[in-house]
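Tertiary structure, described
Residues per chain, in single letters:
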Amino acid sequence: GTCSSQSLDADIKMQGLMLALLASPLGLVLPSSPQLVSTLSPFQAINGFQHRSLATQLTARVATPVTAVPSRTRAAYMSEAAVADEDVETYQFEAEVAKVMDIIINSLYSDKDIFLRELVSNGSDACDKKRFLSLTEDGGKAYEGRVRITADKESNTLTIEDNGIGMTRKDLQNNLGKIAQSGTKMFTEALGAGKDATNLIGQFGVGFYSAFLVADKVTVVTKAADGEQLRWESTEASTYTISKDDSAPIEETGTRLILTLKEEADKYTDDFTLRDLLKKYSEFISFPIELWTEKTEYDQVADPDAEVKEGEEPPMKSVPRKTNVWEKVNAAKPLWMRAPKDVSKEEYEEFYKTTFRAYDAPEAHVHFSLEGQVEFRAMLFCPGSVPWELTQDMFNDKVKPIKLFVKRVFISDSFDEQLLPRWLSFLKGVVDSEDLPLNVSRELLQKSKVLSIISKRLVRKALDMFNEIAKDEDKFKSFSDNFGKYIKVGVIEDRDNKEALLKLATFASTKMGATTLPQYKERMKDGQKKIYYVSGSSKEAASASPVLEGLKKKGYEVIVAVDQIDEIALQGVGTFDGCDVVDAAKEDADADELSEDEKNAKAEAAKELEDVCAFVKETLGTQVDKVEPSTRLTKSPSALVQPQWGVSPQMQRFMKAQAAAGGADAMMGAMSANLELNPRHPVVLKLKQMVADDKEAAETKDYALLLYDVAAISTGYEVADPAAFAKRVVKLMGDGLEIDDDDDDDDFESDEEKIEFPDEKPAAKQEAPAASGEKAAAKDKKPSAKEEPVVPEVIEPQ
């Protein structure tokens with residue numbers, strides 16, 4: 001009765017809104033709308049206390065943006081309420097077994113050869129289990145495990161047999177009938193604390209199925225301790241059967257795996273193929289791997305066809321006899337599993353030669369293990385000479401420096417994520433770790449922090465090995481000659497180990513055949529503040545560069561960068577042990593080394609040669625960046641030096657060649673250098689006089705151009721116009737002589753115009769007029785048979 005018409009309209013609107021909201025769960029949020037908020041506000045202001053609280057809540061709900069609470073439908077709330085009242089049921093994923101097997105067999109492995117590695121590893125695991133149990137049992141006797149392989153070409157079968165622990169019927173169902181259930185892993189987990197005493201390999205439970213990569217039918221004959229001999233058989237990995245077996249009995253315990261090979265897999269019955277795969281993958285299995293091999297032996301028997309004299313013994317002949325024997329294939333020992341102190345030098349050399357098929361002895365080796373966050377064992381070898389495959393390409397992708405093993409089983413030597421940086425690609429080594437992130441096929445190495453840890457430790461140990469080599473002068477010289485370039489690549493690419501590598505990198509110098517930066521620094525003169533280097537096509541050419549004259553006068557040693565990699569490495573050094581490493585051919589390279597008198601002399605020379613420098617710069621144009629007097633020249637009249645960020649002539653040629661090889665345009669030709677003039681040289685003083693007399697004369701300009709050409713040649717640059725340079729030199733050589741510079745070729749007859757052939761009659765022939773008496777005498781005179789023909793006199797040109 002107290003509400004006005006305005007409040008009544010608002011109340012009606014409010015009641016309708018409340019009905020709409022209450023009909024749905026309170027979690028429903030309407031879009032924010034200024035009109036809706038304005039509708040609720042009057043109701044909140046004029047209605048009674050009982051409605052005010054609800055109105056406040058509704059106003060807040062309506063004003064809330066949609067993103068604050070997820071919008072949900074009434075059906076969703078009703079569905080959730082229904083589910084909450086019922087029991088929750090849990091379901092397991094199901095798989096189509098045939099499809100899973102197809103994926104495992106045909107998609108998991110990239111190389112069919114892997115099957116032999118997996119099956120031999122399974123046999124080794126069975127032997128290791130039995131060995132462990134024989135050691136733990138009371139009164140256990142010594143156990144000698146082995147894996148035997150027999151190939152039958154006639155039946156196209158391959159048999160792999162071990163005398164390991166064997167399997168019961170339940171084991172066959174669980175280990176072979178269940179995909180991805182590893183019996184080895186379950187055995188290891190059951191051991192608990194004793195698992196470290198084993199060398200079990202399996203972990204994924206799918207290695208057995210790699211047999212179907214090469215076999216249509218797989219038969220497993222097995223016998224466990226105190227159990228019956230059973231047969232497990234499967235064709236094309238679709239279904240399997242288990243039954244009692246009455247074939248050749250297995251002694252005590254073990255497993256016999258018979259593969260009926262596919263038609264295209266008959267190569268796996270070849271003795272050489274099997275031997276090669278076993279050497280590659282299972283060389284270091286801890287149990288003997290024996291291959292049933294045919295051998296030919298020769299017996300000495302009496303020759304029945306030979307004539308035998310009375311009283312003499314009959315002559316003998318060799319008769320071949322074929323026999324089959326068990327031959328041990330894995331003769332090499334996994335030295336990395338032993339302590340370094342227990343391995344002799346001879347064993348290291350033999351291991352290096354057999355494992356990496358090398359003919360030379362290693363220069364050095366390092367053998368170590370890491371325990372803690374990541375556990376692995378490793379061995380690194382430095383070859384005694386450059387491997388043949390690296391002689392043509394120092395970064396040959398086909399060269400694999402590291403062989404990766406997991407519990408002595410070879411996994412791979414090709415990784416997308418390399419264990420060693422490419423500057424260490426000349427090394428040979430093995431790494432054995434159980435912590436490596438392998439995929440199920442154990443062919444691919446996944447990227448992880450573990451790889452980074454292993455890689456850093458390998459690099460550190462390699463540097464330690466190089467430092468040991470450096471202690472022997474002869475060994476270090478041989479090492480530097482063979483692998484010095486790789487160390488310099490490391491200086492360029494490996495920032496983390498740059499300082500350590502700089503102590504090992506060797507360079508030629510003006511005083512030594514080869515030197516390291518620490519050795520150079522020990523020989524530095526008193527007061528020398530920088531380490532200088534210069535590049536050139538050869539040591540002799542670089543040492544003769546005029547830019548070194550000032551440094552030589554002070555007795556400074558200069559490093560010579562003959563190879564492009566030397567220059568690139570030195571450019572990136574910056575500072576070494578507190579000394580700047582600078583290019584002696586750069587402008588102001590020796591600015592910090594100048595005394596006050598030298599600085600004053602340079603300032604005076606700049607004033608005296610101001611006109612000469614301006615004239616030369618105007619004459620040369622863009623060929624030079626600037627022209628100035630030099631403090632470094634003592635014997636030469638001029639020299640070209642690079643600006644602070646310029647590129648040396650040696651590097652310019654290299655970049656041009658690289659651009660040409662890549663099909664790009666060479667852009668280095670337009671790079672200009674600085675021309676420095678020796679203010680005390682007679683040639684420069686003569687040019688100064690010529691400029692003062694007549695700088696517009698052609699001789700003056702030619703003289704300036706020739707001075708530039710001399711500077712370019714002496715400092716290793718290419719002459720842009722060799723013909724013009726040669727012309728200026730000839731003109732200088734002919735000073736005082738009359739040399740015709742006219743280029744008109746009309747005054748010269750071509751050789752073709754001078755040649756006359758005997759059978760051709762010229763249209764008109766002019767002869768010098770002869771006297772009448774001479775004509776008559778010539779007419780009456782007949783050549784005598786005894787007369788020698790007259791040979792015209794040849795006039796030699798002067």
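The rules behind these values
Residues numbered from 1 in each chain as written. Predicted model: local features only at pLDDT ≥ 70, side-chain atom pairs only at ≥ 80, totals over all residues. Heavy atoms only, no water. Helix = DSSP H or I, 4+ residues; strand = E, 2+ residues; numbered from the N terminus. Contact = heavy atoms within 4.5 Å. Areas by Shrake-Rupley, 256 points an atom, 1.4 Å probe, with all protein chains shown as cover. Pairing = 2+ DSSP bridges. Phe/Tyr/Trp six-rings, centres within 6.5 Å; stacked < 30°, edge-to-face > 60°. Buried < 20%, exposed > 50% of the residue type's maximum accessible area, 1.4 Å probe, protein only. Axes fitted to C-alpha atoms, helices over the stretch in contact; angles between N-to-C directions. Patch = residues over 30% accessible without salt bridge, like charges linked within 9 Å, V, L, I, M, F, W, Y side chains within 5 Å. Salt bridge = Lys/Arg side-chain N within 4 Å of Asp/Glu carboxyl O. Lys, Arg positive; Asp, Glu negative; His and termini not counted. Charge placed at Lys NZ, Arg CZ, Asp CG, Glu CD. Core = buried A, V, L, I, M, F, W, Y, C linked by side-chain atoms within 4.5 Å. Polar contact = N/O pair within 3.5 Å; in protein donor to acceptor, adjacent residues only side chain to side chain. Bend = angle between axes of the 7 residues up to and from the residue. pLDDT = per-residue confidence, 0-100. Parallel < 35°, antiparallel > 145°, perpendicular 65-115°, else oblique. Left-handed = near helix turned anticlockwise from the far one by under 90°. Nonpolar A, V, L, I, M, F, W, Y, C, P; charged D, E, K, R; others polar.

1. Some points on the overall build of the protein chain
Counting secondary structure elements, the protein chain contains 25 helices and 22 strands. In the protein chain, 70% of the contacts between residues at least 6 apart in sequence involve partners at least 24 apart. As presented, the protein chain carries roughly 47400 Å² of accessible surface, and 51% of it is formed by carbon and sulfur atoms.

2. Remarks on the pairing of strand β1 (residues 147-152)
Side-chain direction in a regular strand flips from residue to residue, so the side chains alternate between the two faces of the sheet. For β1 and strand β7 (residues 289-302), the ladder comprises three bridges, and the chain directions are parallel. Bridge pairing in β7 places Val147 opposite Ile289. Relative to strand β2 (residues 157-162), β1 is paired through six bridges, and the arrangement is antiparallel. For Ile149, the partnering residue across the bridge sits in β2 and is Ile160. The turn linking β1 back onto β2 is made up of four residues, and Asn156 within it adopts a positive phi angle of 55°.

3. A word on the packing of aromatic side chains
A full pass over the atoms with the stated rule returns 27 aromatic pairs. An angle of 40° between the planes, with centres 4.9 Å apart, marks the rings of Trp336 and Phe405 as tilted. In this pair, Trp336 is assigned in the loop between β8 (316-328) and α10 (345-356) and Phe405 in strand β11 (residues 402-406), connecting sequence segments 69 residues apart. For the residue pair Trp336 and Phe405, the accessibility class agrees, reading buried in each case. The rings of Tyr281, Phe284, Trp336, Phe351, Tyr352, Phe356, Phe381, Phe405 and Phe410 are connected pair by pair, giving a single aromatic cluster.

4. Let's talk about the sheet that holds strand β20 (residues 624-629)
An order of β20-β22-β21 is seen for the three strands of this open sheet, with the pairing classed as mixed. Two strands bound the open sheet, and with one partner strand each, they are β20 and β21 (638-641). Adjacent strand axes in the sheet meet at a mean angle of 20° when their direction is disregarded.

5. Here we look at a negative patch on the surface
Where like charges cluster on the molecular surface, the negative patch consists of Asp216, Glu236, Glu263, Glu264 and Asp266. Looking at where Glu263 falls in the secondary structure, it is placed in the loop between β6 (254-261) and α9 (271-281). With relative accessibility at 72%, the residue Glu263 sits in the exposed group.

6. A word on the nonpolar core
Of all hydrophobic cores here, the largest spans 75 residues; its most connected members are Phe426, Leu458 and Phe466. Looking at which element gives the most residues to this core, the answer is helix α11 (residues 449-470), with 10 residues. Grouped together as the second largest cluster of nonpolar side chains are 56 residues, Leu261, Leu274, Phe381 and Val430 included.

7. Here we look at the side chain of Asp245
By the element assignment, Asp245 lies in the loop between β5 (239-244) and β6. A polar contact of 2.9 Å, which involves the side chain of Asp245, links it to the side chain of Arg231. Within polar-contact distance, the side chain of Asp245 engages the side chain of Ser247 at 2.4 Å. What Asp245 contacts, discounting residues up to four positions off in sequence, is Val221, Gln229, Leu230 and Arg231.

8. Focus on the sheet that holds strand β14 (residues 506-509)
One open sheet holds the six strands; their spatial order is β15-β14-β17-β16-β19-β18, and the pairing between them is mixed. The strands lining the two open edges of the sheet, one partner per strand, are β15 (515-516) and β18 (575-576). In this sheet, strand β17 (residues 558-561) lies alongside β14 in antiparallel orientation, the contact comprising two bridges. Residue pairing in the sheet places Ser509 in a bridge with Ile559 of β17.

9. Details of the environment of Cys579
Secondary-structure assignment places Cys579 in strand β19 (residues 579-583). Classification of Cys579 as buried rests on a relative accessible area of 8%. Taking the C-alpha atoms as reference points, Cys579 and Tyr532, separated by 47 residues in sequence, lie 9.9 Å from one another. Leaving out residues up to four positions away in the same chain, Cys579 has contacts with Lys521, Met524, Lys529, Ile531 and Gly574.

10. Some remarks on unusual backbone geometry
Even without a glycine there, the phi angle at Arg357 is positive, about 55°. Within the secondary structure layout, Arg357 lies in the loop between α10 and β9 (364-370). Phi angles above zero are rare outside glycine, and Lys407 is one such case at about 55°. With a relative accessible area of 16%, Lys407 lands in the buried category.

11. Section: helix α12 (residues 473-493)
An α-helix turns once every 3.6 residues. As a result, residues three or four positions apart point the same way. Of all the bends in α12, the greatest, near 70°, is centred on Phe483. The set of residues buried in α12 consists of Phe476, Phe479, Ser480, Phe483, Gly484, Tyr486, Ile487, Lys488, Val489, Gly490 and Val491. Those residues of α12 that are buried are in contact with β10 (376-382), α11, α13 (498-502), β14, β15 and α17 (564-571).

12. Observations concerning the pattern of salt bridges
Side chains that differ in charge, positive against negative, can pair when their charged atoms come close. Summed over the entire model, instances satisfying the criterion amount to 32 salt bridges. Between Arg275 and Glu327 there is a salt bridge; the shortest N-O distance is 3.3 Å. With Arg275 in helix α9 and Glu327 in strand β8, the pair connects residues that are 52 residues apart, well separated along the chain. Of the charged contacts in the structure, one is a salt bridge between Asp709 and Arg728, with a shortest N-O distance of 2.5 Å. Separated by 19 residues along the polypeptide, Asp709 in helix α22 (residues 698-714) and Arg728 in helix α23 (residues 722-733) bring together distant segments of the chain. On the basis of relative accessibility, which here comes to 5%, the residue Asp709 falls in the buried class. Look at Arg728 and you get buried, because its relative accessible area is 16%. In this structure, a network of salt bridges that share partners links the residues Lys217, Arg231, Glu233 and Asp245.

13. Looking at the environment of Pro387
Mapping Pro387 onto the fold places it in the loop between β10 and β11. Residue classification places Pro387 among the buried residues on the basis of a relative accessible area of 12%. For the pair formed by Pro387 and Asn482, sequence separation is 95 residues and the distance between their alpha carbons is 9.6 Å. Contacts of Pro387, omitting those with residues within four sequence positions, involve Phe426 and Phe483.

14. What about the confidence of the model for the protein chain?
The predicted model of the protein chain averages 78 in pLDDT, with 73% of residues at 70 or higher. A low-confidence stretch, residues 1-71 (pLDDT under 50), is modelled with 49 contacts involving residues beyond four sequence positions or located in other chains. Between residues 186-204, whose pLDDT stays under 50, and residues either more than four places distant or in other chains, the model counts 47 contacts.

15. Digging into the packing of helix α21 (residues 682-694) against α22
Helices that pack against each other are described as a pair by the angle of their axes relative to one another and the distance between those axes. α22 packs onto α21 with a crossing angle of 150° between their chain directions and a minimal axis gap of 10 Å. Comparing their axes, α22 and α21 come out roughly antiparallel. Of the two possible hands of crossing, α21 and α22 adopt the one that is left-handed. Of the residues in α22, those in contact with Val683, Lys686, Leu687, Met690, Val691 and Asp694 of α21 are Glu699, Thr700, Tyr703, Ala704 and Leu707. Class assignment of the residues belonging to the contact of α21 with α22 gives a composition of seven nonpolar, one polar and three charged.

16. Remarks on the packing of helix α19 (residues 610-620) against α21
One way to put it is that α19 packs onto α21 with a least axis distance of 9 Å and a crossing angle of 80°. With respect to each other, α19 and α21 are oriented roughly perpendicular. Contacts from Asp611, Val612, Phe615 and Val616 of α19 reach α21 at Leu687, Lys688 and Val691. Of the residues in the contact of α19 with α21, the class split is five nonpolar, no polar and two charged.

17. Some thoughts on the pairing of β19
Burial analysis of β19 places four of its five residues in the buried class, the great majority of the element. Relative to β19, strand β16 (residues 530-535) runs parallel, the two sharing four bridges. Residue pairing for β19: Tyr533 is matched across the bridge by Asp583. Where β18 and β19 come together, two bridges link them in antiparallel fashion. Within β19, the residue paired with Phe576 across the bridge is Cys579.

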